[in-house]
Amino acid sequence: MPSFTRTPIAHHVLLGSLLAGGLALTAAQAQAATITIACGDGGAADFCPVLAEQWAEETGHEVAVVTTPQSGTEKLSLYQQLLGSQSGDIDVLMIDTVWPGLLAPHLVDLADYLPADATEGFFPAMIDNNTVDDRLLALPWFTDAGLLYYRRDLLEQYGHEVPETWEQLTEIAREIQNAEREAGNERMHGFVFQGRAYEGLTTNALEWIASYGGGTIVDEEGNVTVNNPRAAEALTLAATWIGDISPRGVRNYMEEEARGVFQSGNAVFMRNWPYVWALGQADGTAIQGKFGAAPLPHGPEGESMATLGGWSWAVSRYSENPDVAADLVAYLTGEAQQKAHAIRFGMNPTREALYQDAEVLEAQPFIGELYDTLVGGVPRPANITGEHYPRVSNAFFNRVHDVLSGDLTAEQGLEQLERELSRMSRRGW
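Residues numbered from 1 in each chain as written. Predicted model: local features only at pLDDT ≥ 70, side-chain atom pairs only at ≥ 80, totals over all residues. Heavy atoms only, no water.

Peer 1: How would you summarise the side chain of T170 if you had to cite specific residues and measurements?
Peer 2: Mapping T170 onto the fold places it in helix α7 (residues 166–182). What makes T170 buried here is its relative accessible area of 5%. Separated by 2.9 Å, the side chains of T170 and W241 make a polar contact. The contacts of T170, once residues within four sequence positions are left out, are L237, W241 and I245. (Helix = DSSP H or I, 4+ residues; strand = E, 2+ residues; numbered from the N terminus. Buried < 20%, exposed > 50% of the residue type's maximum accessible area, 1.4 Å probe, protein only. Polar contact = N/O pair within 3.5 Å; in protein donor to acceptor, adjacent residues only side chain to side chain. Contact = heavy atoms within 4.5 Å.)

Here it is as structure tokens:
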């Protein structure tokens with residue numbers, strides 16, 4: 001009989017507890033391959049343990065579930081300590097979309113263990129994101145992409161369509177914000193987004209720049225391309241939002257702060273991830289039935305660009321059973337499992353067919369509206385810059401934050417950023 005065990009790791013407990021034998025297997029468990037999987041935080045929305053148990057029951061193998069910190073930063077720290085010590089305590093890891101390049105030396109090439117058609121049916125951009133130096137390091141489980149949320153009722157009231165360009169958004173947001181304030185809602189803002197100096201600002205600013213045709217910070221050949229006129233144009237416009245259509249405090253907003261303003265009815269537009277949809281439509285919210293979502297705007301001559309987010313499954317190089325672990329990865333990301341994940345939890349699948357699946361669309365109507373956005377999603381340059389990505393992103397969001405704060409012009413910020421990134425890349429990424 002397969003066995004299923006769950007081992008929590010508190011947020012402050014990292015490498016030591018695992019190496020101390022917390023995941024030791026009993027003699028009774030040794031009759032079949034035992035795979036230890038690092039799932040999410042074990043909360044109500046963590047579907048990983050359920051699917052892992054199903055896999056164990058169907059295959060006869062054994063599985064041990066490890067819960068990991070909710071914070072991505074703490075989760076990455078845990079992984080880096082385990083993998084850096086070449087520990088085999090965890091076989092399968094749930095990794096952020098920007099980690100494949102960072103963790104590449106410690107992950108197996110799944111193509112060595114899975115059939116040649118294992119990547120068929122996934123969004124190609126997501127497979128490309130998880131492929132580093134022609135090695136398939138992970139299979140995508142669920143995905144995110146930036147969206148524009150808008151107050152449908154207010155646009156109708158003031159006679160506007162959903163904006164297609166950032167300039168249109170700026171003008172419409174200003175008009176409605178000012179009219180609503182004059183009507184008595186002094187807390188109304190035109191546009192809220194993730195403006196704090198952290199990874200969320202990287203995702204926002206990358207969307208602004210890419211949608212202006214300004215590239216993706218570092219190109220596919222590893223060249224630093226961010227210092228260009230179109231990128232400067234995008235950031236110059238964004239800086240004008242502060243204190244006008246966006247509150248000055250937006251420079252300290254993360255996802256939940258932006259959602260709080262929009263969901264309380266005090267913003268016309270918001271940039272955020274798909275998870276916000278269900279929360280905003282919940283009974284009792286101020287905006288229930290009053291808002292919609294659309295692709296993000298673009299520059300005058302560009303195209304709408306949404307930064308990709310999401311999570312994937314990878315196998316540790318130090319696993320004693322990489323073939324069995326890869327089978328679990330294939331199971332978790334299979335169409336049936338992703339369909340259940342979408343229906344039960346509203347998570348966006350990474351398989352294209354599920355965006356036309358009648359049962360998925362009935363349970364989560366919003367998912368069907370994401371298809372074009374996900375197909376055109378722009379990845380952060382994490383697989384190109386590899387282990388340097390955290391420093392690249394840190395430099396990028398700090399210089400963008402300087403521009404939003406008025407400490408630097410867009411041209412000055414991009415020139416400074418180019419110098420920083422060029423120094424990082426001198427010996428190659």
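Additional details are given in the paragraphs that follow.
Peer 1: Kindly report on the nonpolar core, identifying the contributing residues and their values.
Peer 2: Grouped together as the largest cluster of nonpolar side chains are 75 residues, with contacts concentrated most on Y149, W208 and F269. Here W208 is in contact with W166, F193, L201, A234, L235, A238, W241, V400 and L404, once residues within four sequence places are set aside. (Core = buried A, V, L, I, M, F, W, Y, C linked by side-chain atoms within 4.5 Å.)

Peer 1: Give me the lowdown on the confidence of the model for the protein chain, citing residues and values where you can.
Peer 2: Residues shown with low pLDDT carry predicted positions that ought not to be read at fine detail. Per-residue pLDDT for the protein chain has a mean of 90; in total, 93% of the residues score no lower than 70. For residues 8–30, every residue scores under 50 in pLDDT, and the model assigns this stretch 36 contacts once sequence neighbours within four places are set aside. (pLDDT = per-residue confidence, 0-100.)

Peer 1: A description of the pattern of salt bridges should follow, citing residues and the corresponding values.
Peer 2: Pairing between side chains of opposite charge can happen when the charged atoms of each approach one another. Across all of its chains, the model carries 10 salt bridges by this definition. As a salt-bridge pair, R230 and E301 come within 3.6 Å of each other at their nearest N and O atoms. On the criterion of sequence distance, the pair formed by R230 in helix α9 (residues 229–241) and E301 in the loop between β11 (291–294) and β12 (308–315) is long-range, its members being 71 residues apart. Note on E301: relative accessible area 69%, which makes it exposed. Among the salt bridges present, the one from D357 reaches K339, with a minimum N-O distance of 3.3 Å. Residue D357 is found in the loop between β13 (348–349) and α14 (358–363), and its partner K339 is found in helix α13 (residues 335–345); the two are separated by 18 residues along the sequence. The burial state of D357 is the same as that of K339; both residues are buried. Three or more residues are tied together by salt bridges with common partners; here these are K339, D357 and E359. (Salt bridge = Lys/Arg side-chain N within 4 Å of Asp/Glu carboxyl O.)

Peer 1: Hey, could you go over the packing of aromatic side chains for me, with residue numbers and the actual values?
Peer 2: A full pass over the atoms with the stated rule returns 17 aromatic pairs. Each ring, one from W99 and one from W311, has its centre 5.4 Å from the other, and the planes form 90°; the classification is edge-to-face. In this pair, W99 sits in the loop between β4 (92–96) and α4 (100–103) while W311 sits in strand β12, placing the two residues 212 residues apart along the sequence. Residue W99 shares its accessibility class with W311, and that shared class is buried. (Phe/Tyr/Trp six-rings, centres within 6.5 Å; stacked < 30°, edge-to-face > 60°.)

Peer 1: Lay out the packing of helix α8 (residues 199–211) against helix α17 (residues 389–404) in plain terms, naming residues and giving numbers.
Peer 2: Put simply, α8 and α17 touch, their axes get as near as 9 Å, and they point 70° apart. Between α8 and α17, the interaxial angle falls into the category roughly perpendicular. Facing α8, whose interface residues are E199, L201, T202, A205, L206, W208 and I209, α17 presents Y389, S393, F396, F397, V400, H401 and L404. Per-class residue counts for the contact of α8 with α17 are 10 nonpolar, three polar and one charged. (Axes fitted to C-alpha atoms, helices over the stretch in contact; angles between N-to-C directions. Parallel < 35°, antiparallel > 145°, perpendicular 65-115°, else oblique. Nonpolar A, V, L, I, M, F, W, Y, C, P; charged D, E, K, R; others polar.)

Peer 1: Hey, could you go over helix α3 (residues 72–84) for me, with residue numbers and the actual values?
Peer 2: Each α-helix winds once per 3.6 residues, and so residues spaced three or four apart point in a common direction. Under the 1.5 Å per step criterion, the end-to-end length of α3 is 18 Å for 13 residues, consistent within 8% with the ideal 18 Å. Every buried residue of α3 is accounted for by K75, L76, L78, Y79, L82 and L83. The arc enclosing the buried residues of α3, seen along the axis, measures out at 155°, which places them on a common side. Exposed side chains of α3 directed beyond 90 degrees from the buried face belong to T73 and G84. Looking one or two residues beyond α3, the residue adopting positive phi is Q86, at roughly 55°. (Expected span 1.5 Å × (residues − 1). Arc of directions from axis to C-beta.)

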